[in-house]
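A structural walkthrough
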Amino acid sequence: MHLRNAVIAIVALVLANIGLYRVVVRQDLTADKRYTLSRETKQQMAQLTEPLEVSILLDGALNAGFTRLKKATEETLEELSYHGQLHYHTGSSDEAERLGLQPTVIHERTRDGRTAQTTVYPFVRLTYKKRSITLPLLQNQRGLSGEENLNHSIENLEYTFAEGIHTLLKEGTERIAFLEGHGELDEKSVYDLSLALSRYFQIDRGILGTDPEALNAYRCVIIADPETAFSDTDKYILDHYIMQGGSILWLVNGIRFSDKMLQQEGLTPVIAQELNLTDMFFRYGVRINAALVQDLQCLPIPVDVSSDPTQPNFQPLPWTYAPLLLTSEQSPVTRGVSQVFGSLMSCIDAVGGEDGLMKTILLATSTASTMTQAPAEVDLSDLTVERDKFRYAYIPVAMSVEGAFPSLYTHRMAPEGVKPLPAVERGKTTRQIFVAGGSIARNEWQHGQPLPVGYDRYTETLFGNRDFLVNAVLYLTDDCGLMALRSKNVTLRLLNDRRAHDKLTQFQLISLLCPILLISLIGLAVWAIRRKLYLR
């Protein structure tokens, strides 16, 4: 009887083990849910009909920070593999070199005081159905420490892979358009931005005609620094495009000035920019002001301070008209993006608080800034900074607006010469981004080669302009909710380096002696119990 029960128990145990062999139960017990994938990412993985091959190019002699990044990458890929067909392996630096990738050089100080230099390739290569894409793992934000940048990179791992998979799954290429016909930045001035966006979209340029449905084929329209007024026909076409769910990135300055006069004569008048867009923007919940923004947190420019014209002495002086704008951590557009700079920009306000639209400030000045209402004058010969005038804080310069926008033409006739369309009170839910200045999108040229947008030649610093603009367009065209993954937060838990160094010997002794002491106590307890049981 006992033998029979034992056999039944063993058979049941074996069958249960076989039945549960493929059942995987996973529970994320971390406070910040770092191992939990979003619904959008799982949906992306479920769409894979063939295995996705991933090559991790981050390899070699890694320090603690990059080892942590690689481990987090492998953990993210392991989690992704539970929701779709994915295989990953570690590549080599030779593979990265063949792909023409730029390495990251790590400078560290060893314990003996020497400086060690290591070269790593923080990239992954995704291949699906003979299509490949290379994704950067490391995000470098100016002003943050190495540990903080690595933490931002880990926070964005899920978005990095989800965005890459989304790109590989797309059958065709979506189209966006740069608008022309109003003095906007030409193709040469936005070359670097166009190059960055060409990874995701087909980019067209053109002027508006009289067809109110001319923009319907485009996912997003970019209006970069117009200088002449929009006609009623233009506004009717743009309004109809927005009512149909189209998105627009507006880079519109509220002031007008002359770069040429500033360079040649050292001064320029600043007047209000008349673009015939005020009523349209007001309906959409924003107002771009005819005010010139200045900030003590700004770029320097070289100025000759010598009194002898034969012996120039150039010294860096603050150019308060080129503010270094702060980015918001509350929006996926600007989260993890370093400071953005622009030149001679205006400011923006939110209006119509009961319009049902969600408005988020994306860029703002520092805590020491001011505004000058147009008309005004900018004079390079007078760079005196009166600090007591910089008493404003966080002046908004860029804003995102989301919701069902009210139409400008609800109770208005269509312009003459345009085919009238059925009037609507509110359009489909969509997004728009308003930036009070187009200079943040302009790239300079040097020796016949384009410089990256956001690169300052004098300080040789690359700011976050390109990342901000690319994120803005991706946010405007995001129907899957992938951009929300950029808001994922992983708590950064770092050792106190100073305390660890000062108490290194103490920590080493504790780590060495505690296990020995614990084992000794367990052995002593076992000896005492055996002695009590058997020595009576």
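Right above here is the structure, for reference.
Described in the following lines is the structure provided in the data block. From a predicted model like this one, the values you see are computed outputs, not experimental measurements. (Residues numbered from 1 in each chain as written. Predicted model: local features only at pLDDT ≥ 70, side-chain atom pairs only at ≥ 80, totals over all residues. Heavy atoms only, no water.)

**Structural notes on the overall build of the protein**
We count it as follows: Secondary structure elements follow DSSP: runs of H or I no shorter than four residues count as helices, runs of E no shorter than two count as strands, and numbering proceeds from the N terminus. By the convention used here, residues are in contact when the closest approach between their heavy atoms is within 4.5 Å. Computed by Shrake-Rupley with a 1.4 Å probe, the accessible areas treat only the displayed protein chains as cover when residues are assessed.
Check the secondary structure of the protein and you find 13 helices and 27 strands. Considering only contacts within the protein whose residues lie at least 6 apart along the sequence, 76% involve residues at least 24 apart. For the protein, the accessible surface area stands at approximately 29,300 Å², while carbon and sulfur atoms represent 53% of it.

**Here we look at the layout of surface pockets**
Here is the rule we go by: The rule is simple: put a 1 Å grid over the protein atoms alone, call a set of points where a 1.4 Å probe fits but cannot get out a cavity, call an open set with protein on both sides within 12 Å along at least five of seven lines a pocket, and count a residue as lining if it has an atom within 4 Å of a point. Grid points are joined across faces, edges and corners, and a volume is the space filled by probe spheres set on the points. Residues were grouped as follows: Ala, Val, Leu, Ile, Met, Phe, Trp, Tyr, Cys and Pro as nonpolar; Asp, Glu, Lys and Arg as charged; and all remaining residues, including Gly, as polar.
Its volume calculated, the second largest pocket comes out at about 1,200 Å³. Around the second largest pocket, the lining is made up of 41 residues, and of these Asp259, Leu262, Gln263, Ser343 and Glu444 lie nearest the centre. For the lining of the second largest pocket, the secondary structure elements donating two or more residues are β11 (255-256), α9 (259-265), β15 (298-304), β16 (314-327) and β26 (455-456). Counting residues per element, the lining of the second largest pocket draws most heavily on β15, at five residues. Looking at the lining of the second largest pocket residue by residue, the class counts come to 18 nonpolar, 13 polar and ten charged.

**Brief notes about a nonpolar patch on the surface**
Where we set the bar: To count toward a patch, a residue needs a relative accessible area above 30% and no salt bridge. Like charges then connect within 9 Å, nonpolar side chains (Val, Leu, Ile, Met, Phe, Trp, Tyr) within 5 Å. By definition here, a salt bridge exists when the distance from a side-chain nitrogen of Lys or Arg to a carboxyl oxygen of Asp or Glu is within 4 Å. Residue burial is assigned from relative accessible area. The probe radius is 1.4 Å, only protein chains are included, and a residue is buried under 20% of its type maximum, exposed over 50%, and partly exposed in between.
A contiguous nonpolar patch, built from Val7, Ile10, Val11, Val14, Leu15 and Ile18 and spanning about 550 Å² of accessible area, is present on the exposed surface. You can see Ile10 is positioned in helix α1 (residues 2-19). On the basis of relative accessibility, which here comes to 54%, the residue Ile10 falls in the exposed class.

**Overview of the nonpolar core**
For clarity, the cut-off: Residues grouped as a nonpolar core are buried Ala, Val, Leu, Ile, Met, Phe, Trp, Tyr and Cys residues, joined through side-chain atoms within 4.5 Å.
Ranked by internal contacts, the top residues of the largest apolar core, which has 40 residues, are Leu197, Ile222, Leu249, Leu251, Ile433, Val435 and Phe468. It is helix α11 (residues 465-476) that contributes the most residues to this core, eight residues altogether. In this structure Ile433 touches Ile248, Leu249, Trp250, Val333, Leu362, Met399, Ser400, Ala472, Tyr475 and Leu476, once residues within four positions along its chain are discounted. Core analysis: the second largest hydrophobic core is formed by 35 residues, Leu215, Phe281, Val418 and Leu421 among them.

**A look at the environment of Val424**
Along the chain, the position of Val424 falls in the loop between β22 (396-406) and β23 (426-435). Considering only alpha carbons, one finds Val424 and Met243, 181 residues apart in sequence, at a separation of 7.8 Å. Setting aside its immediate chain neighbours within four residues, Val424 contacts Met243, Ser407 and Thr410.

**Some details on helix α6 (residues 157-169)**
The condition is simple: To estimate how far a helix should extend, the number of its residues minus one is multiplied by 1.5 Å.
In a regular helix each residue adds 1.5 Å, so 13 residues correspond to 18 Å; α6 covers 18 Å between its end C-alpha atoms and thus fits that length. Taken across its 13 residues, α6 has twelve buried, putting it largely inside the fold.

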